[in-house]
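# Coordinate inspection notes
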Amino acid sequence: MRLSLIAETLGTPLPGEEREIRAMNTLAEASAEELSYLSDNRYLKSLETTKAAAVLVKADAADAVPAHCIALVCEDVSLAMAKATSLFTPPLIDHNAAEPIIGVESFIDPRANIEKGTVIGKGVTVMAGAYVGSGVVIGDDTVIFPNVTIYRDCRIGSRCRIHGGSTIGADGFGYAHTAQGEHVKIYQNGNVVIEDDVEIGANCSIDRALFNSTIIRRGAKIDNNVHIGHNCDIGEHCIFVAQVGVGGSTHLGRNCVVSGQTAFSDHLEIAPFTTFTARSGVTKSIKESGKIFSGYPLMEHRLWTRLQSRLSKLAKEGISTKRRTKAHETE
Amino acid sequence: MRLSLIAETLGTPLPGEEREIRAMNTLAEASAEELSYLSDNRYLKSLETTKAAAVLVKADAADAVPAHCIALVCEDVSLAMAKATSLFTPPLIDHNAAEPIIGVESFIDPRANIEKGTVIGKGVTVMAGAYVGSGVVIGDDTVIFPNVTIYRDCRIGSRCRIHGGSTIGADGFGYAHTAQGEHVKIYQNGNVVIEDDVEIGANCSIDRALFNSTIIRRGAKIDNNVHIGHNCDIGEHCIFVAQVGVGGSTHLGRNCVVSGQTAFSDHLEIAPFTTFTARSGVTKSIKESGKIFSGYPLMEHRLWTRLQSRLSKLAKEGISTKRRTKAHETE
Amino acid sequence: MRLSLIAETLGTPLPGEEREIRAMNTLAEASAEELSYLSDNRYLKSLETTKAAAVLVKADAADAVPAHCIALVCEDVSLAMAKATSLFTPPLIDHNAAEPIIGVESFIDPRANIEKGTVIGKGVTVMAGAYVGSGVVIGDDTVIFPNVTIYRDCRIGSRCRIHGGSTIGADGFGYAHTAQGEHVKIYQNGNVVIEDDVEIGANCSIDRALFNSTIIRRGAKIDNNVHIGHNCDIGEHCIFVAQVGVGGSTHLGRNCVVSGQTAFSDHLEIAPFTTFTARSGVTKSIKESGKIFSGYPLMEHRLWTRLQSRLSKLAKEGISTKRRTKAHETE
């Protein structure tokens, strides 16, 4: 897309030569054909080193834009960025793509809904009612169970199993906000990449990235009703028990064990081989690997155990021994 | 439906003239063509002012029924009411309705399942595997993603996006209970109304109302795996992060921000511009707008922060400084 | 399947005569035609009394195998057991089964996806986009709403209602683990049995059993987005509010009331008529029936109420009366 068209759409002058812009990306990851943005001055450092062709900035940051990069000055960068994402979003379905390519010994149920532009490997099963969007690539020997939805451009590895009702690649949850309290959609133009040997339970939701990919790495196993936000990176051989939720851009190292109903804030980095007991609430990154955590706020598991024992005492203080005995109902 | 038929079904005498009953409703909202009920004497006040044509009551409340209204005396009003709802529930599919009306420039995938009696606006996309029930109305430029289910008679606004696997308009969760501990279904004869510019994530469940409508108001944005009970009213521009649950008949004012895994009891009134941090547990109404809450039981956010800091101290009491340092694992 | 083939697949010698093995099962439940395993010496007692035709054991437990039973000695019994389950898993679809049998006055939408080998009763409705797998049996007057997925060999009772997006019979979450931290799938060769008069909300996931059945008993009512693990047994007339999660092999007695977002660990036994308030975290079995529990860790409800009142005081200590009043924001 021509940069002049982007500038015109955003109602901002184009202060440099015309450029062809291929996509949008973060300051750190943008290539010389991409548009980026600085919506928070905390990232000024990244602005100085960005390779982006052009960048949306407020007037007060325009001087920090490197010489090779064109500054498009906007009053509200977040709103401008949201508007710009809408220019780069592909159509929901690519009606002009090539016919699906299906590998040998694959069974694609005629009642499955396969869009054009898909490439499906050997020995794959896609069951009735499953949806495989335009440009989706699926490896060998994978099973897509009934009524699974895979949005366009996602990539699924070999020997994966995705269970009924799961949705892979729906829009990440991102909006810019007007002064009037309205929310303006930030189109999610990335995808989801599920590597080999991943199993995903029923009714999971794994959102597509804003830019680039949400990644579920090799060998990860995910139980039912799990939510994984946009741009997450779930390490190899992670185990997620049912009803876990992960906020956007949180990265887990390999072989983490995440027990049921645990939740993660966004933008965390979790060391490999970390274990979370049930219903942990994780709001800070974890640097040291191999530890066990519990609770919300999160603490080391043995500290949490001490706390619970002290709270149990606090609850029972002033109850006579006889009544205390009655208070022990579970075993 | 004739009132005499209702009385006969419930096995109760009809002590007045025949009337035609159009539907059921609460005492407060019933019109002169509707049947209502008093299952709890706390609502006696509403009985005195109801406009209902007839009302199910226990014998001891029959005298409080206003003169224009016919009292059907029942031994167990809840069970009678449940039975009566079954008389008013429409068939699951209206096979006799008119052919769907589809606006110009809409793309209704031939693999989508559209019942008769639907009215779909201009520029709408309904993708493969989506289900649009009898009598559903959809505004302009809305996208219904694959494998979404919209039950009969729901209304979806313009410029909405409903993501894969979400179910709009399934039955609210309501039963009357017999003395033997069995649960008798209360049929949910209302619908869901989703206003303009609403986005709903993947695998959400928004239940239809018992009577009238569950409402998601203009501009609200809802993340994945969210549950919203029957007769909720979610205010304009509310933000719901993933895995939130809302009990029946809870109303939120505009621009509330509800963080992940938060839950609400039923029948609450939440002031506008309220913020709930992650995993809040809301069991009481909130009258003052603009505040931030946390925790379960819920408290003001800064109070919760104080409490957590004190609990952290309580957990560490008696641990030597050296071990206390080790206890800080997260950052 | 011939036992010699199983031994060969597992790379272990067959120290007895050839036997035909029909299926796998636990030591306690295995019949004389089934293969079992001892992966944990805690179950040595069950080994001594098992009726199994053969059993996978470590060398040190081989002497405890009863005379009628053949010991297949494996280095890692869990990994061997996982591998063995793959031998007994049926194909995803039974293309050779008989045409579906449909009772009178049933409406099976032609846009529903019904596999061969199904038996559907009288007066049943299966709506568009629903999937009914091979060998599924459905009773009379049941409604399967759109985009429900029922995996092969599950059994659904009479007068049930299963709402949109729910998945019945997806694989339970079970893996054996290699020394390298990889997870090896344990195939889930059981099914789900849903008895009569059960209602299941939208986007629920009820997993099939490893062996035998996950059971939802007569009259149970389950709200939206609920997860029920493999081999659970949910008692008659239980009530599950939305977003509850139940770990594998947990059994609840009749008429338990489980409020929203409550979670259960695996392998628990819960007495009948137990009530759990919202977001309870249940990690221990409950023997005495008729009690009310709250919190995580779980405690009796009135103890939890005391604790919360004391925590509220702890939070407010040192806040002046004026500020304390301000701290009461909810009502």
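Residues numbered from 1 in each chain as written. Chains lettered and ligands numbered in written order. Predicted model: local features only at pLDDT ≥ 70, side-chain atom pairs only at ≥ 80, totals over all residues. Heavy atoms only, no water.

Let us now look at the sheet that holds strand β2 (residues 34-37) of chain B. Residues and elements named next belong to chain B. Read from one edge of the open sheet, four strands run β1-β2-β3-β4, paired in parallel fashion. Edge positions in the sheet fall to β1 (23-24) and β4 (70-73), since each of these pairs with one other strand and no more. For β1 and β2, the ladder comprises two bridges, and the chain directions are parallel. Residue pairing for β2: Met24 is matched across the bridge by Leu35. Contacts from helix α1 (residues 3-10) reach β2, β3 (54-57) and β4, with the element oriented near 15 degrees to β4. (Pairing = 2+ DSSP bridges. Helix = DSSP H or I, 4+ residues; strand = E, 2+ residues; numbered from the N terminus. Contact = heavy atoms within 4.5 Å. Axes fitted to C-alpha atoms, helices over the stretch in contact; angles between N-to-C directions.)

We now examine the environment of Thr262 of chain A. The residue Thr262 of chain A is located in the loop between β29 (257-258) and β30 (263-264) in this model. According to the relative accessible area criterion, Thr262 of chain A is buried, its value standing at 0%. Sequence-wise, Thr262 of chain A and Val246 of chain A are 16 residues apart; in three dimensions their C-alpha atoms are separated by 8.4 Å. Contact partners of Thr262 of chain A, with chain neighbours within four places excluded, come to Gln243, Val244, Gly245, Phe276, Thr277, Ala278, Arg279, Ser280 and Val282 of chain A together with Gln261 and Arg279 of chain B. (Buried < 20%, exposed > 50% of the residue type's maximum accessible area, 1.4 Å probe, protein only.)

This brings us to the UniProt feature "active site" (unreviewed entry) in chain A. All names here are of chain A. Here the UniProt-annotated "active site" (unreviewed entry) positions come out as His230. Ignoring anything within four residues of it in the chain, the contact list for His230 reads Gly172, Phe173, Gly174, Gln188, Asp207, Arg208, Ala209, Leu210, Thr214, Gly248 and Ser249. At 2.6 Å, the side chain of His230 forms a polar contact with the side chain of Gln188. (UniProt positions renumbered as here; feature names shortened; annotations may be inferred. Polar contact = N/O pair within 3.5 Å; in protein donor to acceptor, adjacent residues only side chain to side chain.)

Applying the stated criterion across every chain yields a total of 63 salt bridges over all chains. Of the charged contacts in the structure, one is a salt bridge between Glu182 of chain A and Arg218 of chain B, with a shortest N-O distance of 3.6 Å. One end of the pair, Glu182 of chain A, is in the loop between β17 (175-177) and β18 (183-185); the other, Arg218 of chain B, is in the loop between β22 (213-216) and β23 (221-222), on a second chain. Given the relative accessible area of 32%, Glu182 of chain A is considered partly exposed. Here Glu18 of chain C ties to Arg2 of chain C by a salt bridge, and the two come within 3.5 Å at their closest N and O atoms. Here Arg2 of chain C lies in the segment before α1 (3-10) and Glu18 of chain C lies in the loop between α1 and β1 (23-24), a separation of 16 residues in the sequence. For Glu18 of chain C, a relative accessible area of 38% gives the class partly exposed. It is possible to trace a salt-bridge network through shared partners that takes in Arg161 and Glu199 of chain A together with Asp171 and Lys185 of chain C. (Salt bridge = Lys/Arg side-chain N within 4 Å of Asp/Glu carboxyl O.)

Here we take up the relation of the copies chain C and chain B. After a rotation of 120 degrees and a shift along the axis of 0.0 Å, chain C superposes on chain B with an RMSD of 0.0 Å. The operation mapping one copy onto its partner corresponds to a three-fold rotation axis. Both copies present different contact surfaces, since only 18% of the interface residues of chain C are interface residues in chain B too. (Least-squares fit on C-alpha atoms with pLDDT ≥ 70 in both.)

What follows covers the interface of chain C and chain B. Listed by partner, the interface residues are 51 residues for chain C and 58 residues for chain B. There are four salt bridges connecting chain C and chain B. A salt bridge links Glu199 of chain C to Lys185 of chain B; the nearest nitrogen and oxygen atoms lie 2.9 Å apart. The interface formed by chain C and chain B holds 32 residue pairs in polar contact (both at pLDDT 80 or more) in total. Per-element accounting of the side of chain C that touches chain B gives the leading share, six residues, to helix α4 (residues 301-316) of chain C. Looking at the side of chain C that touches chain B, its residues break down into 19 nonpolar, 18 polar and 14 charged. (Nonpolar A, V, L, I, M, F, W, Y, C, P; charged D, E, K, R; others polar.)

Quick look at helix α1 (residues 3-10) of chain A now. Listed in full, the buried residues belonging to α1 of chain A are Leu3, Ile6, Ala7 and Leu10 of chain A. The arc that holds the buried residues of α1 of chain A, viewed along the axis, is 100 degrees, so those residues lie on one side. (Arc of directions from axis to C-beta.)

With that settled, consider the relation of the copies chain B and chain A. Its rotation angle being 120 degrees, the transformation that places chain B on chain A also includes 0.0 Å of axial translation and leaves an RMSD of 0.1 Å. Comparing contact sets, just 18% of the residues at the interface of chain B also lie at the interface in chain A, consistent with a heterologous contact between different surfaces.

Two measures define how a pair of helices packs: the angle their axes make with one another and the distance between the axes. Residues and elements named next belong to chain A. Two numbers describe how α1 lies on helix α3 (residues 77-88): the axes approach to 10 Å, and their chain directions differ by 135 degrees. Classified by the interaxial angle, the pair formed by α1 and α3 is oblique. In this structure, the crossing between α1 and α3 has a hand that is right-handed. Across the interface between the two elements, Ile6, Thr9 and Leu10 of α1 pack against Ala80, Lys83, Ala84, Leu87 and Phe88 of α3. Residue composition of the contact of α1 with α3, by class: six nonpolar, one polar and one charged. (Parallel < 35°, antiparallel > 145°, perpendicular 65-115°, else oblique. Left-handed = near helix turned anticlockwise from the far one by under 90°.)

The next point concerns the domain arrangement of chain A. All names here are of chain A. Annotation of chain A at the domain level lists domain 1 (3-87) and domain 2 (101-299). Computed over C-alpha atoms only, the centres of domain 1 and domain 2 are separated by 30 Å. With twelve residues of domain 1 at the contact, the number on the domain 2 side is eleven residues. The contact between domain 1 and domain 2 buries some 830 Å² in all, and 68% of this surface belongs to carbon and sulfur atoms. Considering only the surface of domain 1 that becomes buried against domain 2, Leu79, Ala82 and Thr85 emerge as the three largest contributors, covering 48% of it. Inspection of the domain 1/domain 2 interface yields zero salt bridges. Remark: the boundary between domain 1 and domain 2 carries three residue pairs in polar contact (both at pLDDT 80 or more). Looking at which element gives the most residues to the side of domain 1 that touches domain 2, the answer is α3, with six residues. (Domains from an automatic or database assignment. Buried area = accessible area lost by both parts, 1.4 Å probe.)

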